[in-house]
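Chain by chain, the residues:
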Amino acid sequence: MKNQLKNAFSPYLLQHANNPVFWQLWNDENVSEATNKNKLLIISIGYSACHWCHVMEKECFEDDEVALVMNKNFTSFKIDREELPAIDAYYMQALQIMTKQGGWPLNIVALPNGLPVWGATYVPKAEWIDVLNQLALLFETNTEKMYDYAEKLQNGILLANNTLEIYPKTNNTINLEPLLVQWQKSFDLEFGGYQRAPKFMMPTNLNFLLQYGIANNQKNITQHVYLTLSKMAQGGLFDTIEGGFSRYSVDHRWHIPHFEKMLYDNAQLLSTYSQAYLETKNLFFKEIVKKTVAFIFNNWQDTSGGFYAAYDADSLNSNDKLEEGAFYFWKLHDLKQLINTEDWDLFETTFSINNVGYWEEADAYVLFQQFSLEEISEKKNINIDQLKSLKLKWEQILLENRSKRTKPLLDDKIITSWNALLLSGLLDTYKIIPSKELEDKIENLASFLMNKAYQNDILGRVHKNNNNYISGTLEDYAFTIKAFIDLFNYSQNKQHIAFAHILTLQSLDIFFDEKQGFFKSNENQIVGTVFEIEDNVIPSANAIMSRNLFYIGQLYQNDYFTSIGLEMTQRVMQQINYASAFSEWLLNDLIFKELFEYIIIKDPTKGELDSLNTFFKHPLIIDYSLKLPILDHYKSQKNRIQICNTNSCRLSTNNFNEIFN
């Protein structure tokens, strides 16, 4: 055997291509061959931007002593979780059942048939060798005991995915109030987010809370969202120099991030901040959207029209050594050389170049805006516009200086689902900063998804070197369908909604489990089937499919689609016991019961379509001239505009402005 990873596309796998470990690529042929060898499997899962994945590689997988143990007694697989999210989800469930913990690197030891028997995240060298030797000995001397344990663990995983048991078909009354009261008890009232560290941004939570707070006039909830968005953007979590958010903060103030930047976070936050700006007209939120869009366009756009996955947490420091955050932090002497003496006092206050902004681990500063510019303006008795101009000048000086540094390692995979999230995010961005450039980017990204991510009637998961080398998962289909429903509202291009319709039909054919009533995460699982219901840092694909089926069902008058979509959400809603893990299902319930409307309009102008998309939160907008099944009921529509929901029409008018009264 030898290390196969030099043949991989994934930057994460290529990083391990020169390890002395005989890493195998995860595919049917290799897994079948490993099963026949009757050796234990090591399944090590991570991703390119993962700091602790790099640490374990350096300590363990680059080490000859470790490689000797792994190569002798095990068949070892290295997996990029972003390429094979369903495999990652299965083994993550196993780890959580075994240890009550999760994270990456995810290291599993499994029987030759792939069933897990042991798991951990980061493991130091000595402990790793000791564990592997013990497991190899146990497999040699007491194989039956390991198979018994694996069977019990597999039963636990099966129970965790038995949606008929977990989400039975009942007609219970749903009372959201206690869930939301309990949820609010976890709010951090000083810095936003939740009372814990590390602190993740959780756009799915913020999006629902904002919509719910507005719909129900609960200002305490909407104010918490605005506080969270402000504090996130003022923290080191947000790269105020160039734009873009890191994945999470290691402290409760959002000051020190885990420095990797992911497309999926930034794509979703475009929607969150854009919606918050529309509600508040807070120019700070608009500034964050502008900077984030600029960062994405300047750093991650591929010539194909798609966008790359991530920047690593690690980058080269001044000694040419990889160090976490080296690209982003600042030494005091460097800042004093760059900023004019007469500006220093204001600069120091604005970016907390003091004990508040100091990062002891790097003996450096991570820019941290402890106070808003309005507070500093009042405190320092300086005109707010002058202060904004100075801040812009300082950021440009720092950006020019930082451009001389080596950028973090780039993961240049183009992941379909993340690009679909970006398409939805850019459409929301267009509501607040419309431009020809943004229109072009949206058009190019849509074309990429329709013509490159989708080839030979198959949606791919990952695109690289003009090749889709992994088939799409449920997540890819679900997010792409939603993005093209969103796009159709703007374009009224029948091709866009037809594409969403085709993908919906394919999703039902490939992923839907008639017995369970939900969608499995992947078409073919070598080890086990996973139904992912809860939200995480990205939305639940099942929740998004529920919404997609409802919308496509309405447009195409397909009662089967609509009934499945409604039933999925109803089943989940009746069993929710902690709301934060079910934001997208809660939003579905809000849309289906309160927010959903469709607008039928004759001969709409582009400006009118833009206005409708900005004013309505979750609409379907339909040009009367399109031959779509929903319009069969409105052949005799006399007035230019009609606004309806699933039960009735509330407005029929020729006056476009009457819509907004």
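A quick note: this is a predicted structure, and the numbers were derived from the prediction, not measured. (Residues numbered from 1 in each chain as written. Predicted model: local features only at pLDDT ≥ 70, side-chain atom pairs only at ≥ 80, totals over all residues. Heavy atoms only, no water.)

**Examining the domain arrangement of the protein**
Note the following rule: Boundary definitions for the domains trace back to an automatic or database domain assignment. Two residues qualify as a contact provided that any one of their heavy atoms is within 4.5 Å of a heavy atom in the partner residue. Buried area is calculated as the accessible area (1.4 Å probe) missing from two parts once they are joined, with the contributions of both summed. Think of a salt bridge as a Lys or Arg side-chain nitrogen and an Asp or Glu carboxyl oxygen that are within 4 Å of each other. Side-chain atoms alone can form a polar contact between residues adjacent in sequence; in general such a contact is a pair of N or O atoms within 3.5 Å, and within protein one must be able to donate a hydrogen while the other accepts it. Residues were grouped as follows: Ala, Val, Leu, Ile, Met, Phe, Trp, Tyr, Cys and Pro as nonpolar; Asp, Glu, Lys and Arg as charged; and all remaining residues, including Gly, as polar.
Taken as a whole, the protein is organised into domain 1 (5-165), domain 2 (176-317 + 410-595), domain 3 (328-403) and domain 4 (598-658). Look at where the C-alpha atoms of domain 2 and domain 3 centre, and you get two points 32 Å apart. Contact with domain 2, which involves 18 residues of that partner, is made by 19 residues of domain 3. When the two sides are added together, the surface that domain 2 and domain 3 hide from each other amounts to roughly 1,600 Å², 59% of it contributed by carbon and sulfur. The three residues of domain 2 that bury the most area against domain 3 are Gln-234, Ile-241 and Phe-259, which together make up 39% of that side's buried surface. Across the domain 2-domain 3 interface, the total number found is four salt bridges. On inspection of domain 2 and its partner domain 3, the count reaches nine residue pairs in polar contact (both at pLDDT 80 or more). Along the lines of polarity and charge, the residues of the side of domain 2 that touches domain 3 split into six nonpolar, five polar and seven charged.

**A few points about the sheet that holds strand β7 (residues 248-249)**
Within a sheet, neighbouring strands are paired by backbone hydrogen bonds and run either parallel or antiparallel to one another. To be explicit about the condition: Pairs of strands are assigned from DSSP output, requiring at least two bridges between the strands. Strands are runs of DSSP state E lasting at least two residues, helices are runs of H or I lasting at least four, and both sets are numbered from the N terminus onward.
Taken together, three strands build an open sheet; the order of strands is β6-β7-β8 and the sheet is antiparallel. Looking at the sheet topology across the chains shown, the edges are occupied by β6 (199-200) and β8 (257-258). Here two bridges tie β6 to β7, and the two strands are oriented antiparallel to one another. Looking at the pairing, Lys-199 lines up with Ser-249 of β7.

**A word on the pattern of salt bridges**
The test is simple: Only protein chains enter the accessibility calculation, which uses a 1.4 Å probe; a residue whose area is less than 20% of its type maximum is buried, one above 50% is exposed, and one in between is partly exposed.
With the rule as written, the count across this model stands at 32 salt bridges. For Lys-125, the salt bridge is made with Asp-63, and the minimal N-O distance between the two is 3.1 Å. One end of the pair, Lys-125, is in helix α6 (residues 125-141); the other, Asp-63, is in the loop between α3 (51-61) and α4 (64-73), and 62 residues separate them in sequence. Residue class for Lys-125 comes out partly exposed when judged on its relative accessible area of 27%.

**A short note on the packing of helix α11 (residues 219-234) against helix α13 (residues 283-300)**
Cut-off, in case you're wondering: Orientation is described by axes fitted as lines to C-alpha atoms, over the contacting stretch for helices, and by angles from 0 to 180 degrees between their N-to-C directions. Note on angle classes: values under 35 degrees are labelled roughly parallel, values over 145 roughly antiparallel, values of 65 to 115 roughly perpendicular, and the remainder oblique. The hand of a helix crossing depends on one turn: near helix anticlockwise from the far one by less than a right angle means left-handed, and clockwise means right-handed.
One way to put it is that α11 packs onto α13 with a least axis distance of 11 Å and a crossing angle of 50°. Regarding the angle of α11 to α13, the classification is oblique. Here α11 runs over α13; the crossing is left-handed. Across the interface between the two elements, Tyr-226, Leu-229, Ser-230, Ala-233 and Gln-234 of α11 pack against Phe-284, Phe-285 and Ile-288 of α13. Partitioning the contact of α11 with α13 into residue classes produces six nonpolar, two polar and no charged.

**As for the sheet that holds strand β25 (residues 649-653)**
Strand order in the open sheet formed by four strands is β23-β22-β24-β25, and the pairing between neighbours is mixed. Strand pairing shows two members of the sheet lacking a second neighbour, β23 (620-623) and β25, which therefore form its edges. Averaged over all pairs of adjacent strands, the angle between strand axes in this sheet comes to 10°, irrespective of strand direction. When strand β22 (residues 598-601) meets strand β24 (residues 641-644), the two strands line up antiparallel, connected through four bridges. Along β24, the bridge assignment pairs Tyr-598 with Cys-644.

**Structural notes on helix α7 (residues 143-160)**
For the record, the criterion: The span one expects for a helix is its residue count, reduced by one, times 1.5 Å. Along the arc lie the directions from the helix axis toward the C-beta atoms.
Between the first and last C-alpha of α7 there are 26 Å, a value that for 18 residues agrees with the 26 Å anticipated at 1.5 Å per step. For α7, the full list of buried residues reads Met-146, Ala-150, Leu-153, Gln-154 and Ile-157. Along the long axis of α7, the arc covered by the buried residues comes to 105°, so they all point the same way. Seen from the buried face of α7, the exposed residues on the opposite side, beyond 90 degrees, are Glu-144, Lys-145, Lys-152 and Leu-159. In the core, the buried residues of α7 are packed alongside β2 (40-46), α5 (85-99), β5 (116-120) and α6.

**A look at the packing of helix α12 (residues 263-280) against α13**
Contact geometry of α12 with α13 gives a least axis separation of 8 Å together with a crossing angle of 155°. Considering the angle they form, α12 stands roughly antiparallel to α13. In the packing of α12 onto α13, the handedness of the crossing is left-handed. Between α12, through Leu-263, Asn-266, Leu-270, Tyr-273, Ser-274, Ala-276, Tyr-277 and Thr-280, and α13, the contact on the second element is made entirely by Leu-283, Phe-285, Lys-286, Ile-288, Val-289, Thr-292, Val-293, Ile-296 and Trp-300. Looking at the contact of α12 with α13 residue by residue, the classes come out as twelve nonpolar, four polar and one charged.

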